[in-house]
Structures are given as structure tokens and as C-alpha cells.
Amino acid sequence: MSALRAVADQSHQQKAEWLDRIHKGDCVSTLEKLPEKSVDVIFADPPYNLQLNGDLHRPDQSKVDAVDDEWDQFDSFAAYDAFTRAWLLAARRVLKPNGTIWVIGSYHNIFRVGASMQDLGFWILNDVVWRKTNPMPNFRGRRFQNAHETMIWASRDQASKGYTFNYDALKAANDDVQMRSDWLFPICTGAERLKDENGDKIHPTQKPEALLARIMMASTKPGDVVLDPFFGSGTTGAVAKRLGRHFVGIEREQAYIDAANERIAAVKPLDRADLAVLPGKRAEPRVAFVNLIDNGIMKAGTTLYDAKKRWAAKVRADGTLAIGELAGSIHRVGAQVQGLEACNGWTFWHYERNGGLTQIDELRRIVRLGMERAGA
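The structure contained in this document is the topic of the report that follows.

The rules behind these values
Residues numbered from 1 in each chain as written. Predicted model: local features only at pLDDT ≥ 70, side-chain atom pairs only at ≥ 80, totals over all residues. Heavy atoms only, no water. Helix = DSSP H or I, 4+ residues; strand = E, 2+ residues; numbered from the N terminus. Contact = heavy atoms within 4.5 Å. Areas by Shrake-Rupley, 256 points an atom, 1.4 Å probe, with all protein chains shown as cover. Pairing = 2+ DSSP bridges. Axes fitted to C-alpha atoms, helices over the stretch in contact; angles between N-to-C directions. Core = buried A, V, L, I, M, F, W, Y, C linked by side-chain atoms within 4.5 Å. Buried < 20%, exposed > 50% of the residue type's maximum accessible area, 1.4 Å probe, protein only. Salt bridge = Lys/Arg side-chain N within 4 Å of Asp/Glu carboxyl O.

**Examining the overall build of the protein**
- Scanning the protein from terminus to terminus reveals twelve helices and 14 strands.
- Here the analysis covers contacts within the protein between residues at least 6 apart in sequence; of these, 68% occur between residues at least 24 apart.
- For the protein, the computed accessible surface area is about 21,000 Å², with 49% contributed by carbon and sulfur atoms.

**Section: the sheet that holds strand β8 (residues 246–251)**
- The strand order across the open sheet formed by eight strands is β1-β8-β7-β2-β3-β5-β4-β6, and the pairing between neighbours is mixed. Each edge of the sheet is formed by a strand with only one pairing partner; in this case those strands are β1 (21–24) and β6 (182–185). Each strand of the sheet is rotated relative to its neighbour by a mean of 20°, with strand direction disregarded.
- Each of β1 and β8 is contacted by helix α8 (residues 254–265), which is oriented at about 175° to β1, the strand it contacts most.

**Focus on the nonpolar core**
- Counting residues in hydrophobic clusters, the biggest one holds 31 residues, and the most contacted among them are I42, W87, I101, M117 and L227.
- Among the elements of the structure, α2 (27–31), β2 (39–44), α3 (77–94), β3 (95–105), α4 (110–119), β5 (148–155), β7 (225–228) and β8 are those that each provide at least two residues to this core.
- When residues of this core are assigned to their parent elements, the largest contribution, seven residues, is made by α3.
- If we skip the residues at most four places from it in the chain, M117 touches L88, I101, V103, F122, I152 and A154.
- Among the nonpolar cores identified, the runner-up in size contains 30 residues, and Y48, L50, L211 and I215 belong to it.

**Structural notes on the pattern of salt bridges**
- A full pass over the atoms with the stated rule returns 13 salt bridges.
- Across the pair K96 and D40 runs a salt bridge whose closest N-O atoms are separated by 3.0 Å. With K96 in strand β3 and D40 in strand β2, this pair connects stretches of sequence that are 56 residues apart.
- Given the relative accessible area of 25%, K96 is considered partly exposed.
- On the basis of relative accessible area, D40 is assigned to the buried category, the value being 13%.
- Shared partners join several salt bridges into a network, and the residues in it are D361, E362, R364 and R365.

Right under this line is the structure:
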């Protein structure tokens, strides 16, 4: 046991060395140093290659603080495509087989990135539109106001089926309506916007924390590892820490690293109870009706009824129901007596309890609870 504990301790130590920290360096070379298949989710906000020519001014002739940094400039589309393929390949290596990747971009680059992702074998699950409540105006009046950015959400490959998608939690948070692929958030402003001692933006494309929170709540679980290969001002790390996820950041600019470290250090993680994710029915252990008999919760010979006691069915020892000559599963018998193609027998059939009727689905919940406790 001592040898096994030593191996576990060594593994934990190695893990801690690269988790929850910012790695300084080029994204491709740094990604190559990380463990293979070690990351649950990647959020990538790569250079947009805006191709800006000259300064941009408002109608009052004041200069717009646009993205004109060296890291956003490439000699050609071919150079940008080569860069895109290089970091995507490196990112794919560290992504777990059931992991997913989010890439955000504008019309300048997102379509080129999407084509590269498909060429490299990523499987696109959704494109999600971030609609900005307060977008920058089009000062020249020669185009539509650019009021959104596009995110591509993809699995590692077409065969990846076990990726995380917290469908039920998202639906419950959205007033029990399916979460749509168009998200409405303001751009990063106010106290959330990081600024230097002169009042200037520390990073020109800082993303709002609400956007990253939606991404993590949708596609990760507490304890998952979220990688950001273009870490910038550290929004991914700040949100991951608050939501009980691990982060891995890669950034080459020391000024951004310093600002991000200070920002993340000030974050207080939420309590564990507040991070629980609403489980979906698909995640619950499967229980067959015969399991109720096997566990002594339901006895052969018990009579089951529909909610209005129009039909009465006898439970047989083999886990089927019978009404006269009609016999079959709880679902099939429920459907046949109603003249329907299908029926959820768990909610259709009831048993007598304390002078009333209770759905047999309550008994299924008891069996599931026992299975979960046994697994723990």
C-alpha cells in the first residue's frame, strides 16, 4: 500500500505542477509540453487577424482603441491558416477523447478556423452566437454594425459521444426552456474591465466573465480541467477558479500574465454545495421494473392502477404486468389499454398507499438511491 500511495502522491505532485497556473510561452510549443489527453475542455480566443489598415476614428475625430497589437498581425491568410492548424493540432493532442473545444472569433477569422477544424477531424456540435448588448458602432457607416461574435463548439472527433453537456441544468436555468444557441451578453465594461495605472485597457479583447461562465456551466463539471491557450487577461482562469474547475493558461506577454495572476488571486471559489450541477435523467442509473421485485420493494401479485382506476393490472413474478389475457411490460400494457403507440409505465401505473395512489416511479427513485449509495 505504501508503494501505491507513493505513486499516487507523485502523480498528484506532477499534476499540480501544470494545473492552475499560467505557462509563459508560445502556445504551440507550450502545448507540446503538457500531458497528452489531459484536458476536459479548451476555450480558445485566438488572434482575429483583423487586417486593420491605419487608425480608426469616431465622428468627433477621437481615435478608437482598436486591436492593433503585433500578436494580431499576420503577413497573409496563408500564414494565418498555418498558425491555426499548428495550434489546433497541438490542442487536439492534449484534449481527452471525450473532451470538447470552444473557439471564438469574428467574421475576419472564424470561418477559416472552422474549415481548419473540420479538416483536422474535429466534429462541430454547435455554432453559438454571442450577441452583444452594447456593441461598438460602425463609425464609417459603410457596413452593418458588427454586433456579434461566433463560437464554434466541437468534440475531438466524430466518434466522441461521452462529452459533457449539462442539458437539464441549462434548461432549468432558462425557465425550463431549451437553451438556445444565441446568447445575449454585454461586452466587458465597468469594474470588470482590467485597466492600467493610466486608465487604459490592459487587454483589448477581454471577454466578459458571464460568457465563460455559460460555457463552463454548459460543458464542464466541477473538478474538470479547462485550458486556454491564449490566456490574455485571465478571464478563463478567474471563472474556472470561482466555479470549482481547474485551469491551465498559456500566454507569452508578461504584462498580461501579471494582470491575470493578480486577478485570479483575488477570486474566492464558490462553496461546493453551490457548484452542484442538476443531474439529467440520462445520467441516472437504469432501473428495470423487475429490479423492484428483486429488491423486495414490489411483490408479485400486487395490483397496479392508472391514476383514475380505470384499469387494474397484476404484477407477475417475471416483472411483467397482466390484465386478463393481455400481458407485457409496464410500458407496453399501459400503451395498449389506452390505444396508444407508447406509454411511460413509470408514471402511468400507481400502487395503493395510505388510502391513495402513488406512482411506481417513487419506488424507482428508492432503488436508484440504493444503487448510488452502493456505488459511493
